Protein chains: 2
Amino acid sequence: MTGSPASPRATKPVSTTTSESGFVDESEAGAVHLAPDAPPSRPPTVEGMPGGASPIGRIPVTDVRPLVDCGTRPAKSVVGEEFVVQARVFREGHEAVNATAVLTDPAGGEHYFAMHCDNPGLSEWSTTVVADREGWWTYRVEGWSDPYATWVHDATIKIGAGIDSELMCAEGVRVLERFAAAVRGQDIDAAPIAIGIAALKDGTLPAAHRLGAATSPEIRGLAGLVPLREFVSPSAAYSLLVERERALFGAWYEIFPRSEGAVRDPKTGRWTSGTLRTAAKRLPGIAAMGFDVVYLTPIHPIGTTARKGPNNSLVAGPEDPGSPYAIGSSEGGHDAIHPDLGTFEDFDHFVAEAARNGLEVAMDFALQASPDHPWVQTHPALFTTRADGTIAYAENPPKKYQDIYPLNFDNDPAEAYAEVRRVIQVWLDHGVRIFRVDNPHTKPIPFWQWLIADVALTYPDVIWLAEAFTKPAMMHTLAKVGFQQSYTYYAWRNQRWELEEYGRELAGPAAAYMRPSFFPTTPDILTPYMQYGGPTAWKLRAALAATMVPTYGIYAGYELMENVARPGAEEQIDNEKYEYKDRQWYLYEPGGALEGQSLAGYLTRLNDIRRWHPALRWLRNLHFHHADDENILVYSKTRVVGGERNTIVVVANVDPHATRETWVHLDLEAMGLATWSTFDAHDEITGQTWQWRADNFVRLGPDSEPVHIIHVRSH
Amino acid sequence: MTGSPASPRATKPVSTTTSESGFVDESEAGAVHLAPDAPPSRPPTVEGMPGGASPIGRIPVTDVRPLVDCGTRPAKSVVGEEFVVQARVFREGHEAVNATAVLTDPAGGEHYFAMHCDNPGLSEWSTTVVADREGWWTYRVEGWSDPYATWVHDATIKIGAGIDSELMCAEGVRVLERFAAAVRGQDIDAAPIAIGIAALKDGTLPAAHRLGAATSPEIRGLAGLVPLREFVSPSAAYSLLVERERALFGAWYEIFPRSEGAVRDPKTGRWTSGTLRTAAKRLPGIAAMGFDVVYLTPIHPIGTTARKGPNNSLVAGPEDPGSPYAIGSSEGGHDAIHPDLGTFEDFDHFVAEAARNGLEVAMDFALQASPDHPWVQTHPALFTTRADGTIAYAENPPKKYQDIYPLNFDNDPAEAYAEVRRVIQVWLDHGVRIFRVDNPHTKPIPFWQWLIADVALTYPDVIWLAEAFTKPAMMHTLAKVGFQQSYTYYAWRNQRWELEEYGRELAGPAAAYMRPSFFPTTPDILTPYMQYGGPTAWKLRAALAATMVPTYGIYAGYELMENVARPGAEEQIDNEKYEYKDRQWYLYEPGGALEGQSLAGYLTRLNDIRRWHPALRWLRNLHFHHADDENILVYSKTRVVGGERNTIVVVANVDPHATRETWVHLDLEAMGLATWSTFDAHDEITGQTWQWRADNFVRLGPDSEPVHIIHVRSH
């Protein structure tokens, strides 16, 4: 890890077309031409020799980072997201080496970023880069020899020591004349170079004056902007997929649409399902809380064979609606809408209402079938037939899940891929651009790789979220092959050390390809921490999710702190997966009987803070700080926008059961501040402001607030 | 790091030509054919899509290790050296996954090694592989679906629980029939499979009996040897360069040949140079100590311009021989022999005598010139001309080294490469097969890459040792581009924690491409530790060098513990680089006046131990153990040869000034022993034997021996 802050960067692309010479593969390095004093011969290389040897560059560039699966898969970014490119760059002997990071945009334009050396002993170079539009970019690192810097180094020492002064001035003329020739024809004022050359040639001046003129700030500035580069040696060019900002940043709100507007007749106890029309009425409320994405659990027809009843019971009553994840009935499959919810017209209405409220619609995509799914008849090859001729249902021996048929992609892969692609197109045609994929780790990885890539050919704005609560290798690989976002282990990371370790993993090298989504609870997940942590835990876990990573999500009812689990399970009792739930939102509204007993206001505040502070829109800027109490978690995020530094510091007591007092020790340099700085620490949760410095006393917990979300002001 | 022991391996290559089906790139995976029940279609892939997407395998294989610069450079091994191949292998869903490592020999023959899962949660698989001949091999990892293992898992649970017994037997028949078809035509006795099928079909037998017959040890054995593999998904095939054993293992002895047989006239004080003929007389003594390689500092004519005198003084007297590293005079350059040393005939005699004594000759290759080198006239482009028309000498401003002209490879690269290649050929023609390269990090890296590769085309047995005492990136890259061996920072690693850290680095991933050489001292290096550590330090540092890594070296005079430094320098006073040195070896021989005052016997013992114990011929088997005293270093090496386990445990007190007593805690499992084992610990240094177990008391230091080198016996 480099500890370097954001580097200066060449916002103006530097043309180097005539400024370097050397053994560059011109096809790779762009329009690089040999300088007039190029060598008269090219050396032999190892190309084509045994072992498939790759020629190493004249100036070696190794360990380029980020690098995803050795560059066989793209690194990812979103428009405007800064990230650090690193490499090891070194050369033989004592002459000066330098390096440039080059981003090539989808139109072929090259963007140059001067690199700086972070660690000379380890030959580590880095720079901060940014891509300004969507599409397939590439990035590479060019190592090069820096003859001007070599001369400055040697001449400064030797003229300072009174050694070889005349010779060093003559050598300086040579290098500056090459520099002048290199920038000629570019739209650059090279007059400072001519002034330096004239001074070096003027034997009447003291040597120190001549040196001074040849190392003027103006010439050094030109050397930074349009350097004289020799032996430019490019690394391979690696793919960089730049996506829209929603791929990285967004607040999600998950609903079961049938619950939104569902009504239970108090006399008969019978339910009337909510519909897409009634659910659409909930959209303004969700938008008012500041969410960006409304995520719908599956809306397709539900099977009746072996339908599950309330609380996952094996027998459903005639009125039980079944799990929306048991997809498919005589009324249709994945390309259909449950008749109780409405029609495609209603769906279009819902999508339009969402858009009108500033919300995107995310659709659940659960590739499995109930035994009643039309595919059982129309696409039998999508299922596994057992030795007795029956279709295999889901099993985890000896457990059986007879309401679910897993899909088989191997019986007839081409047909399976095509059919799924057809289904996805239905929803694309109805305006869906975000898919939350249920259990992607139970389908072949090459299928997802192809599906996501194929959709992106026509719809590059589509975002796929992987619900892969599984082994790390699978989770990371799904991200590498295309999923824009991934659920994470966040719900099970509750201790400070766990959160720090996990945060460092996610914001570190993994951030080059995987964008984490933090859900504190889901319809499937209600951890003991949430069951027993009280309101403090519910606030805390939402606040951490909303500030540690750019994408987080809430499952409807989080506002109400629904913390009771089904006995023996870590999910809610009376789970909405198997029944309707009317949360009577109106009771919590102003004037309602339960006004003030919801976390809606707190969530709204969190989303406001996310909107106000652009530092929270990024992942890779996550930095942890120390606190003396092992339960006090401290992290900051910093981002410079339009020349202004935006910094948020989060201080959280992860023990929901006890108020704790301790000292927090901020690494001010990581926040762009001098170590001796003081600043106004404005808590965006309470509105209080304190005078803070590196070491600060805090008190957090159930008797007040579990979290400070501090905006660093007026320093 | 996997902590797994060596895995079982399929010494007999398994043909899988008819045993798998799936979406295999047949060109990559060898002769892989679709099984009879192959799917009727192939899915579309991402090949050719934007971003240069690489299709992922049906069964993903990621993070193959070893991997050198992402596979762009070869991993290295020597004949017979076992090493571990690792990868992450996983699949969707719950079915069984499996993996095979495949080595392809230079003739195209495939060698299969069954992998095992070390960590299911992290999807880590590994196996131990070995290549049995020199040349360019490849290695790859194949992930595959294991239908027999899937069935065994499910059937065992379900039949055990009395569920679906008949169905599971019928499924078993299907999988065993596929298995039988897959092994048909191979030279395999498939009768056990037929027995299993018959039992499964026999409804009169209890289900448990039918299951037992279908999971018999015989069938499981066949499944290990010639598994039914489905969806075989190969990783890329990576280069593996297998070299001769001397590339990894050898004991070196460094001499200045002019000193061996040099005679000083006691009356006049004038020296007569030793010659290659007199130096050859020293060879039996070097061989008797058990060394493998005799390394000669440069033997070329020496320049007279600015010749250095004794102790690196700037003025040489008329009798001073000069530094052999200031190469070239009117008598010739790098392709010539200093007349004082003799002729090419004498050189041939020396090489032959070395061979007769079981020694290889390593030649110093120092690419720099004195101002008197013939190249200054014949190849002026090999040097840098300064602005004043003079040739640039070596400098480290403001220091000047006017006796040395560095070479310039950029003025006319093709000519420079060709000339150096011509010089090397002279020595190849005279039987030299080992080159010790002086300061390779001051020449362009692509030059070394090409030179080593080009020589290897005709002389694959040539070994190059890099004297790159420089930054890690350069040192490692020189190894990656071809150097068989590298000097190391060993001389400066004296504390236990330093040696552990460095040992882990060298024996870890770096061992896939870099083979370390440990020299406790050289003509350039005499650390304070050696200056002031007394005889204990000289024994200790030789013993550690000889046992921690397979290649180590001694500079002549190490036997005599020449520990006095030139004031202000960390090298010897009266350094042999600038003068003759007659060490009067005869004085230390039996009957000599100084008999018993040399470490020759100790070094002989170390080399004997290295010869007796094959575990010491390997690097990657280095394993550290704990001792309570922070100065007691403990490590072991284990190797199985011909079914017998050879284990050496080294216990060393790295404090040369104090005897220390402490407890040593051995990780017996890492030595292939059960944790409760006892064994005879035979100290190969003293000949003593103790009864040892996991925890043992030791006492080491100046009042006895600094090191135990323990052979684990009779356990």
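All values reported here derive from a predicted model rather than from experimental measurement. (Residues numbered from 1 in each chain as written. Chains lettered and ligands numbered in written order. Predicted model: local features only at pLDDT ≥ 70, side-chain atom pairs only at ≥ 80, totals over all residues. Heavy atoms only, no water.)

(A) Expanded view of the relation of the copies chain A and chain B. Placing chain A over chain B gives an RMSD of 0.1 Å and needs a rotation angle of 180 degrees, together with 0.0 Å of translation along the axis. On this basis, the relationship between the two copies can be described by a two-fold rotation axis. Across chain A, the rotation axis passes nearest the C-alpha of A:Cys70, at a separation of 2.7 Å. The share of interface residues of chain A whose copies in chain B are also at the interface is 100%, consistent with both copies meeting through the same surface. (Least-squares fit on C-alpha atoms with pLDDT ≥ 70 in both. Contact = heavy atoms within 4.5 Å.)

(B) Seen up close, the interface of chain A and chain B. At the interface, 80 residues of chain A touch 80 residues of chain B. Summed over both sides, the interface of chain A with chain B buries roughly 6400 Å², with 66% coming from carbon and sulfur. By the criterion of area lost to chain B, the three top residues of chain A are A:Ile56, A:Pro397 and A:Asp410, representing 9% of everything that side buries. For the pair chain A and chain B, the number of links is six salt bridges. The partner of B:Asp164 in a salt bridge is A:Lys400, with the nearest N and O atoms 3.0 Å apart. If you look at where chain A meets chain B, you find 28 residue pairs in polar contact (both at pLDDT 80 or more). Of all the secondary structure elements, the ones that give two or more residues to the side of chain A that touches chain B are helix 2 (147–160), helix 3 (165–183), helix 11 (413–429), helix 12 (445–458) and helix 13 (472–480) of chain A. The class makeup of the residues in the side of chain A that touches chain B is 40 nonpolar, 19 polar and 21 charged. (Buried area = accessible area lost by both parts, 1.4 Å probe. Salt bridge = Lys/Arg side-chain N within 4 Å of Asp/Glu carboxyl O. Polar contact = N/O pair within 3.5 Å; in protein donor to acceptor, adjacent residues only side chain to side chain. Helix = DSSP H or I, 4+ residues; strand = E, 2+ residues; numbered from the N terminus. Nonpolar A, V, L, I, M, F, W, Y, C, P; charged D, E, K, R; others polar.)

(C) Focus on the pairing of strand 25 (residues 623–627) of chain B. Residues and elements named next belong to chain B. By the bridge criterion, three bridges tie strand 25 to strand 26 (residues 632–641) in an arrangement that is antiparallel. Considered in strand 26, the bridge of His625 is made with Val634. Direction of pairing for strand 25 relative to strand 28 (residues 660–665): antiparallel, over a ladder of two bridges. Looking at the pairing, Ala627 lines up with Val664 of strand 28. (Pairing = 2+ DSSP bridges.)

(D) Molecular detail of the domain arrangement of chain A. Taken as a whole, chain A is organised into domain 1 (1–145 + 228–243), domain 2 (147–226) and domain 3 (616–714). Inter-centroid distance (C-alpha atoms) of domain 2 of chain A to domain 3 of chain A is 48 Å. (Domains from an automatic or database assignment.)

(E) Main features of the sheet that holds strand 6 (residues 116–119) of chain B. Residue and element names in this part refer to chain B. As summarised here, the arrangement of the four strands in space is 1-3-7-6, forming an open sheet in which the pairing is antiparallel. A strand with exactly one partner marks an edge of an open sheet, and here the two such strands are strand 1 (61–65) and strand 6. Averaged over neighbouring strand pairs, the angle between their axes works out to 30 degrees when direction is ignored. As defined by bridge partners, strand 6 adjoins strand 7 (residues 124–129) across three bridges and the pair is classed as antiparallel. Bridging from a neighbouring strand, Cys117 pairs with Trp125 of strand 7. (Axes fitted to C-alpha atoms, helices over the stretch in contact; angles between N-to-C directions.)

(F) Summary view of the sheet that holds strand 12 (residues 250–255) of chain A. Around the barrel, which closes on itself, the eight strands sit in the order 12-15-16-21-22-23-24-25 (chain A) with parallel pairing between neighbours. Going from strand to strand, the sheet's axes swing by 30 degrees on average, the running direction of each strand aside.

(G) The packing of helix 3 of chain A against helix 4 (residues 191–201) of chain A, seen in detail. Residue and element names in this part refer to chain A. Where helix 3 meets helix 4, the closest approach of the two axes is 9 Å, and the angle between their N-to-C directions is 160 degrees. It follows that helix 3 is roughly antiparallel to helix 4 by the angle criterion. Of the two possible hands of crossing, helix 3 and helix 4 adopt the one that is left-handed. On helix 4, the residues touching Cys169, Gly172, Val173, Leu176, Glu177, Phe179, Ala180 and Val183 of helix 3 are Ile193, Gly196, Ile197, Leu200 and Lys201. In terms of residue class, the contact of helix 3 with helix 4 is made up of nine nonpolar, two polar and two charged. (Parallel < 35°, antiparallel > 145°, perpendicular 65-115°, else oblique. Left-handed = near helix turned anticlockwise from the far one by under 90°.)

(H) Up close: the pattern of salt bridges. Counted by the stated rule, this structure contains 107 salt bridges over all chains. Among the ionic pairs, A:Glu661 bridges to A:Arg699, the shortest N-O distance being 2.7 Å. Remark: A:Arg699 occurs in strand 32 (residues 695–700) and A:Glu661 occurs in strand 29 (residues 660–665); sequence separation between them is 38 residues. Using a relative accessible area of 45% as the deciding quantity, one classes A:Glu661 as partly exposed. One network of salt bridges, with partners in common, ties together A:Lys158, A:Asp164, B:Arg386, B:Glu395 and B:Lys400. (Buried < 20%, exposed > 50% of the residue type's maximum accessible area, 1.4 Å probe, protein only.)

(I) The arrangement of helix 2 of chain A in detail. Residue and element names in this part refer to chain A. Taking 1.5 Å of rise per residue, the 14 residues of helix 2 would be expected to cover 20 Å, and the 19 Å separating its terminal C-alpha atoms lies within 8% of that figure. Among all positions in helix 2, only Pro147, Tyr148, Thr150, Trp151, Val152, Ala155, Lys158 and Ile159 are buried. Just downstream of helix 2, Gly162 is the residue with a positive phi angle, here 70 degrees. (Expected span 1.5 Å × (residues − 1).)

(J) Quick look at unusual backbone geometry. The omega torsion across A:Arg65 and A:Pro66 is 0 degrees, close enough to zero to call that bond cis. Along the chain, A:Pro66 falls in the loop between strand 2 (61–65) and strand 3 (75–78). Put simply, B:Pro397 and B:Pro398 share a cis peptide bond, and its omega is 5 degrees. You can see B:Pro398 is positioned in the loop between strand 17 (394–396) and strand 18 (399–401). Within the chain, A:Gln584 stands out as a residue other than glycine whose phi angle is a positive 50 degrees.

(K) Focus on the packing of aromatic side chains. For the coordinates displayed, the defined rule picks out 56 aromatic pairs over all chains. Aromatic pair A:Phe469 and A:Trp492: ring centres 5.4 Å apart, planes at 85 degrees, arrangement edge-to-face. A residue pair is termed long-range when its members are at least 10 positions apart, and A:Phe469 in the loop between strand 22 (463–467) and helix 13 and A:Trp492 in the loop between strand 23 (485–487) and helix 14 (496–507) qualify at 23 residues. Judged by its relative accessible area of 26%, A:Phe469 is partly exposed. You can call A:Trp492 partly exposed: its relative accessible area is 34%. Their ring planes at 45 degrees and their centres at 5.6 Å tell us that B:Tyr139 and B:Tyr238 sit as a pair that is tilted. Here B:Tyr139, found in strand 8 (residues 135–145), pairs with B:Tyr238, found in strand 10 (residues 238–243); they are 99 residues apart in sequence, far enough to count as distant. Of the two residues, B:Tyr139 and B:Tyr238, both sit in the buried class. Aromatic rings pair up to connect A:Phe409, A:Tyr417, A:Phe447, A:Trp448, A:Trp450 and A:Phe483 into one cluster. (Phe/Tyr/Trp six-rings, centres within 6.5 Å; stacked < 30°, edge-to-face > 60°.)

(L) Representation of the environment of B:Arg264. Residues and elements named next belong to chain B. Mapped onto the elements, Arg264 comes out in strand 12 (residues 263–264). Remark: the alpha-carbon pair of Arg264 and Tyr580, spanning 316 residues in sequence, is separated by 8.8 Å. What Arg264 contacts, discounting residues up to four positions off in sequence, is Gly269, Arg270 and Trp271.

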